[in-house]
Amino acid sequence: MAKLFRAVIMGPPGSGKGTISERIAQSFGLARLSSGDFVRENIAANTDAGVLAKTYIERGLLVPDHVMTRLLLPRLEEMTRHSWLMDGFPRTLAQAKALNSTCDLDLVISLNIPYETLKERLSDRWIHPASGRVYNMGFNPPHVQGRDDISGEPLIQHDDDKPEALVARLRHYKDVAKPIIDLYKSKGILHTFSGTETDRIWPYINSLLSTKIPSTSQTDTQRIPMP
Ligand SMILES: Nc1ncnc2c1ncn2[C@@H]1O[C@H](COP(=O)(O)OP(=O)(O)OP(=O)(O)O)[C@@H](O)[C@H]1O
Ligand SMILES: Nc1nc2c(ncn2[C@H]2C[C@H](O)[C@@H](COP(=O)(O)OP(=O)(O)O)O2)c(=O)[nH]1
């Protein structure tokens, strides 16, 4: 069996984590894991952690570390035979340390995107809440305006994607991400990509991963469902 590969993608809101994760999953056969999807699935399934998480999300807060780790780490432990890419976790140093004690990461991708670019993208971001599919009216519009391509269901916009909420979100990201980035830098696994366009960043990520994942089985591409 090819060596397993574990990676994390980090970046401020709107930096392209979801878009790039999708490309990586498709090109390299990694399972794509999203902490936001896990949270939403747990809320939908009414699990204890989901019920607790909902009380924070409804108030626009991050879910506390102990809830996130309780939710995610058991899932990662089940994935001993999968290569994966995680989007949205860790978001705090405590989460990074908890992840560290569960598995050895091979690589961390950090996206460094200018503020003006983030603002433009997020004001144009529409989401299909059930699947997490993301659209941008300029970059990747849905086939039918306001409707998800696969299900035909309505798309929504998050309140916290509005410009007035964005400054605070970005400041918060910078504060909490810095120690995590420093940690991964010191481990020698951090790779930072800067730019204003995903299509221009992607070839660099693609060629880096081509050197790191020479022969993963291409059969694992999937969004992992809840048990
Ligand atoms: N690692 C985490 N730690 C704490 N809360 C989390 C974490 N991941 C997700 N959440 C909670 O779930 C919500 C949805 O997460 P998700 O990553 O889908 O969206 P987001 O916060 O809008 O991120 P982005 O804009 O960067 O895509 C978050 O706003 C937060 O409340
Ligand atoms: N105009 C433009 N929009 C882009 C580009 N890359 C991604 N987008 C869009 C897709 C989304 O609507 C929005 C944010 O991207 P995302 O992948 O959801 O980011 P993230 O919040 O998961 O980090 O920006 C890009 O390169 N140009």
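Residues numbered from 1 in each chain as written. Chains lettered and ligands numbered in written order. Predicted model: local features only at pLDDT ≥ 70, side-chain atom pairs only at ≥ 80, totals over all residues. Heavy atoms only, no water.

As annotated in an unreviewed UniProt entry, the protein carries the name Adenylate kinase 4, mitochondrial and is attributed to Oncorhynchus kisutch. Heading Sequence similarities (unreviewed entry) of the UniProt record for the protein holds this comment: "Belongs to the adenylate kinase family. AK3 subfamily." Under the UniProt heading Subunit (unreviewed entry), the note attached to the protein is "Monomer." (UniProt positions renumbered as here; feature names shortened; annotations may be inferred.)

Here we come to the environment of Q95. As for its placement among the helices and strands, Q95 is situated in helix α5 (residues 93-102). Note: C-alpha distance between Q95 and D65 (30 residues apart in sequence) is 6.2 Å. (Helix = DSSP H or I, 4+ residues; strand = E, 2+ residues; numbered from the N terminus.)

Moving on, we come to unusual backbone geometry. In the segment running from F89 into P90, the intervening peptide bond is cis, with an omega of 5°. Mapped onto the elements, P90 comes out in the loop between β3 (84-87) and α5. A positive phi angle, close to 60°, is found at N46, a residue other than glycine. Here N46 lies in the loop between α2 (35-44) and α3 (48-57).

Take the pattern of salt bridges next. Should their charged atoms come close, side chains of opposite charge can pair. Per the stated rule, a full pass over the model turns up 8 salt bridges. Its salt-bridge partner being D148, residue R133 comes within 2.9 Å of it at the nearest N-O pair. In this pair, R133 sits in strand β6 (residues 133-136) while D148 sits in the loop between β6 and α7 (163-187), placing the two residues 15 residues apart along the sequence. What makes R133 partly exposed here is its relative accessible area of 30%. The class of D148 is buried, set by a relative accessible area of 2%. Linking D182 and K178 is a salt bridge whose minimum nitrogen-to-oxygen distance equals 2.9 Å. Of the two residues, D182 and K178 both sit in helix α7, 4 residues apart, roughly one turn of that helix. The exposure class of D182 is partly exposed, given its relative accessible area of 34%. (Salt bridge = Lys/Arg side-chain N within 4 Å of Asp/Glu carboxyl O. Buried < 20%, exposed > 50% of the residue type's maximum accessible area, 1.4 Å probe, protein only.)

Tallying each qualifying case throughout the model produces 1 cavity of 30 Å³ or more. What the largest cavity holds in volume is close to 30 Å³. Forming the boundary of the largest cavity are A96, L99, N100, C103, L105 and Y184. In terms of residue count, the dominant contributor to the lining of the largest cavity is α5 (3 residues). (1 Å grid on protein atoms, 1.4 Å probe; cavity = no way out; pocket = protein on both sides within 12 Å on 5 of 7 lines; lining within 4 Å. Points joined across faces, edges and corners; volume = space filled by probe spheres on them.)

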